[in-house]
Amino acid sequence: MIVDPEDIDYDDGSIATRRGNKQADMVAKTLENWAIRDVGDRPHKLFLHFFESPVEILGEDGRVVGLRTERTALDGTGNVKGTGTFKDWDVTAVYRAVGYLSDQLPKLPWDMDSGTVPDEGGRVIQESGEHLQSTYVTGWIRRGPVGLIGHTKGDANETVASLLDDFANGRLHTPSAPAPEAVDAFLAERNIRFTTWDGWYRLDAAEKALGEPQGRERVKIVEREDMLRESGA
């Protein structure tokens, strides 16, 4: 694993993030160690290039012949901005491994640019600026595809805190049938398929069975209909 020492740089926003987040600080320290170590004569090398933003895939006769990137620089907030300096890399294949866009749900406000539901503290915010009662978001539908598992946990904690605060102060809708069994009845009335905790165990076993012939822990089942079928919904 090879990192260019010139790609190790921090501004005030970056330093604040490291101080306030153990996961981010751990990642930064790991990259620093990779940047200063002697890699020696290793048969396989993986180069990590930071501050390079892909702008164009270069092709010739239907084949990939290069990748053009723009050099970026920190802007003081922990984010980056383009510098106008471009570089062409000689490559013969490009694999897109980063990219995620949430699906818009009906009746919910939507930010087209970020692909997220607008919120404050996890509370869904309407165009009027008011909280859409009893409606909350967390995870990538809230912030977009950023951060590590630790970020997502903190995100969820904030959303749950908002929900509990609204509950304590009477800002949540009061269900007409509060019993847990009413949820199953509600879904059954609308012919909506769902799974149970026991169903999750069946799905878990099915994924492990798929992975066993390949010597893998599991093969994830990702389509909703497939998951419902395997869980016995």
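Our structure is the block above this text.
Notes on the structure follow. (Residues numbered from 1 in each chain as written. Predicted model: local features only at pLDDT ≥ 70, side-chain atom pairs only at ≥ 80, totals over all residues. Heavy atoms only, no water.)

**A closer look at helix 1 (residues 12-20)**
- By the burial criterion, the buried members of helix 1 are Gly13, Ser14 and Arg18. An end-on view of helix 1 places all buried positions within 135° of arc, on one side of the element. Exposed residues on helix 1 whose side chains face more than 90 degrees from its buried face are Asp12, Arg19 and Gly20.
- Those residues of helix 1 that are buried are in contact with helix 2 (22-36) and strand 4 (63-74). (Buried < 20%, exposed > 50% of the residue type's maximum accessible area, 1.4 Å probe, protein only. Helix = DSSP H or I, 4+ residues; strand = E, 2+ residues; numbered from the N terminus. Arc of directions from axis to C-beta. Contact = heavy atoms within 4.5 Å.)

**Quick look at the packing of helix 1 against helix 2**
- Across the interface, helix 1 lies against helix 2 with an axial gap of 5 Å and an inter-helix angle of 115°. Looking at the two axes, helix 1 sits roughly perpendicular to helix 2. When helix 1 is examined against helix 2, the residues Thr17, Arg18 and Gly20 are found in contact with a partner set consisting of Lys22, Ala24, Asp25, Ala28, Lys29 and Glu32.
- Of the residues contributing to the contact of helix 1 with helix 2, the split by class is two nonpolar, two polar and five charged. (Axes fitted to C-alpha atoms, helices over the stretch in contact; angles between N-to-C directions. Parallel < 35°, antiparallel > 145°, perpendicular 65-115°, else oblique. Nonpolar A, V, L, I, M, F, W, Y, C, P; charged D, E, K, R; others polar.)

**Here we look at the sheet that holds strand 3 (residues 52-60)**
- In space, the three strands of this open sheet follow the order 3-4-5, with antiparallel pairing throughout. The sheet is open, and its two borders are formed by strand 3 and strand 5 (80-89), each paired with just one other strand. Each neighbouring strand pair of the sheet contributes to a mean axis angle of 25°, computed without reference to strand direction.
- Note that strand 4 and strand 5 share seven bridges and pair antiparallel. Directly across from Thr69, in strand 5, lies its bridge partner Lys87. (Pairing = 2+ DSSP bridges.)

Any functional reading would require information that these geometric values do not contain.
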